[in-house]
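# Inside the fold
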Amino acid sequence: MANEKILVTQSSMPPYEEYIEAIKPLWESHWLTNMGTYHKELEEELKQYLGVPELSLMVNGHMALEMAIQAFDFPEDSEVITTPFTFVSTTHAIVRNRLKPVFCDVKMSDGTIDETKIEDLITEKTVAIVPVHVYGNVCNVEAIQEIADKYNLKVIYDAAHAFGVKYKGVGIGNYGDASVFSFHATKVFNTIEGGAVAFSDHKIYEKLYNLKNSGIRGEELVVAVGANAKMNEFAAIMGLCNLKYLNHAMEERKMKDAYYREKLRQIQGIQFFEDDLEIEKNHAYFPIIVSDDYSMTRDELYDRLKENNVFSRKYFYPLTSDQACFRNKYKKCELNNARWLSKHILVLPFYEKLEMENIDHIVGIMKD
Ligand code: T4K
């Protein structure tokens, strides 16, 4: 086992024969993209699965986020309050829309935006809040909506990690003005590459359709300036196949999450984010906090695991605000919790098919 590489995750895939059988019709129709049959079918199935009124499929999570923000037509140089404790896509999507990110600190309890610090960052230039349901941990959606209503701001959730998560029994895609999911190969649900925007206002569907389809509305009619961010049929079929196995995959993840926790609780200095009973989790990731009470630092543990062929990841270090492309370009905000977390967080290998003995092996190294 020591020679077998254990990576941070492994893509879920349907049985090979099933996917091959499912893509056969494409050799008859030769219809491979541009909102084909399977694109439509997946859009409908996902609306049901996520319990959302409207959904637009996209080529990946990044473009879904970029276009979700673009759909609201914010004036150039407006400010958007967001968090730096995320994948760099969140910040890229804001900046590529010619908007200015204003970085808000996060909560130590779950790594999501600290809603009590948002109001202090609002100026007359603020137009939106882009919070992140990091690792599938749910932001304080109620408090965020109250602030947004008070100051007339849009809320666009980066829900890339939160596919299938429910809060108080309601699908997470129902909160805010829009929520963006990623269906990347590394996610709980994947379409190889893919993503979607969920929302309730049908006008947004039209906007997103134009943005993702070059503004084309007829053979001789282009009504808007758009790009190309459509999901293709191979990806949509992968999604349809994977969707059938998703409930089973979630069960497996839940069981492995519990097993990991039980074992790790015996180790001094290893901590977890707080549980919230009102959240139905998707167990997308397995983040741990390597506190100062542990016998080595987060970085030392990362290295030690690597020496033993266990490839954990420092999701998310450095903070996006500290990345070379953003550093010193935007307002300086107090980010003490985010900075502390990014130095102490470690995402351990976690996926549906991870063997229990691999978990024992990882925990063994950590105990050593
Ligand atoms: N917002 C947030 C909060 C996000 O986390 C992300 C993406 C986005 C927005 C944007 O969504 P997308 O545009 O990506 O749909 C990975 C993913 O590429 C990225 O989707 C994800 N977040 C981010 C957190 O993780 P890397 O650079 O760490 O991936 P990589 O290539 O190192 O892969 C990690 C491990 O996954 C590998 O060690 C093995 C496994 N893997 C990877 C690939 C590519 C597979 O099993 N199969 C695969 O095909 O970014």
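Quick note: structure is the one above.
This text gives an overview of the structure that appears in the document. All of these numbers come straight from a predicted model, not from anything done at the bench. (Residues numbered from 1 in each chain as written. Predicted model: local features only at pLDDT ≥ 70, side-chain atom pairs only at ≥ 80, totals over all residues. Heavy atoms only, no water.)

### Describing the overall build of the protein chain
A count of helical and extended segments in the protein chain gives 11 helices and 15 strands. What you see for the protein chain is a C-alpha radius of gyration of 21 Å, in line with the 21 Å of a compact globule of 368 residues. In terms of principal-axis extent, the alpha carbons of the protein chain reach across some 70 × 55 × 40 Å. When each of the 368 residues of the protein chain is scored for burial, the buried share is 55%. If you take every contact in the protein chain between residues at least 6 apart in sequence, the share linking residues at least 24 apart comes to 71%. Counting only carbon and sulfur atoms, one obtains 49% of the accessible surface of the protein chain, whose full area is about 17,000 Å². Placing the 41 positive and 55 negative side-chain charges of the protein chain at their respective mean positions leaves the two points 4 Å apart. (Helix = DSSP H or I, 4+ residues; strand = E, 2+ residues; numbered from the N terminus. Rg over C-alpha atoms; globule rule 2.2 N^0.38 Å. Buried < 20%, exposed > 50% of the residue type's maximum accessible area, 1.4 Å probe, protein only. Contact = heavy atoms within 4.5 Å. Areas by Shrake-Rupley, 256 points an atom, 1.4 Å probe, with all protein chains shown as cover. Lys, Arg positive; Asp, Glu negative; His and termini not counted. Charge placed at Lys NZ, Arg CZ, Asp CG, Glu CD.)

### Things to note about helix α11 (residues 356-367)
Its 12 residues give α11 an end-to-end C-alpha distance of 16 Å, which sits within 8% of 16 Å, the value for a rise of 1.5 Å per residue. What α11 keeps buried is the set Asn358, Ile359, His361, Ile362, Val363, Ile365 and Met366. At its buried positions, α11 is contacted by α8 (233-264), β12 (270-271), β14 (286-290), α9 (298-307) and β15 (345-348). (Expected span 1.5 Å × (residues − 1).)

### Focus: the pairing of strand β8 (residues 178-182)
β8 sits mainly inside the fold: 5 of its 5 residues count as buried. Bridge count between strand β5 (residues 154-158) and β8: 3 bridges; the pairing is parallel. Pairing of Asp158 across the sheet is with Val180, part of β8. Sheet analysis places β8 next to strand β9 (residues 195-199), joined by 5 bridges and oriented antiparallel. (Pairing = 2+ DSSP bridges.)

### Focus: the site of the ligand
Around the ligand, the surrounding shell holds 25 residues, and the nearest of these are His62, Asp158, His161, Ser182 and Tyr315. Between the ligand and Gly61 there is a distance of 2.9 Å, counted from an oxygen atom to a backbone nitrogen or oxygen. The separation between an oxygen atom of the ligand and a polar side-chain atom of Tyr315 is 2.5 Å. Isolated, the ligand exposes 920 Å² of accessible area, and the fraction of that covered by the protein chains is 74%. Of all elements in the fold, only α4 (61-70) and α5 (88-95) reach the threshold of two or more residues within the shell around the ligand. (Near = heavy atom within 4 Å. Polar contact = N/O pair within 3.5 Å; in protein donor to acceptor, adjacent residues only side chain to side chain.)

### So, helix α7 (residues 202-212)
An α-helical segment advances 3.6 residues per turn. Residues three or four places apart therefore align on the same side. Those residues of α7 that sit buried are Ile204, Tyr205, Leu208, Asn210, Leu211 and Lys212. Against the buried residues of α7 lie α3 (37-50), β1 (54-58), α4, β9 and β10 (216-218). In this structure Asp201 caps α7, since a side-chain oxygen of it lies 3.0 Å from the backbone nitrogen of Lys203. Phi turns positive one or two residues past the end of α7, at Ser214, with a value near 55°.

### A closer look at the nonpolar core
Counting residues in each nonpolar core, the largest one holds 72 residues, and the members touching the most others are Leu42, Leu46, Phe85, Ile118, Tyr135, Phe163 and Phe183. Looking at which element gives the most residues to this core, the answer is α8, with 9 residues. Those residues in contact with Ile118 that lie beyond four places of it in its chain are Ile81, Cys104, Ile113, Ile129, Ile144 and Ile147. If you look at the next biggest cluster of nonpolar residues, it comprises 27 residues, including Phe74, Val180, Phe199 and Tyr205. (Core = buried A, V, L, I, M, F, W, Y, C linked by side-chain atoms within 4.5 Å.)

### A look at the packing of aromatic side chains
Within this structure, the stated rule accounts for 21 aromatic pairs. Pairing Phe85 with Phe316 gives two aromatic rings, centres 6.3 Å apart and planes at 90°, and the pair type is edge-to-face. Residue Phe85 is located in the loop between β2 (79-82) and α5, and its partner Phe316 is located in the loop between α9 and α10 (336-344); the two are separated by 231 residues in the primary sequence. Both residues of the pair, Phe85 and Phe316, belong to the buried class. Taken together, a centroid distance of 6.3 Å and an interplanar angle of 40° make the contact between Tyr260 and Phe350 tilted. Taken together, the residues span a long stretch of sequence, with Tyr260 in helix α8 and Phe350 in the loop between β15 and α11 at a distance of 90 residues. (Phe/Tyr/Trp six-rings, centres within 6.5 Å; stacked < 30°, edge-to-face > 60°.)

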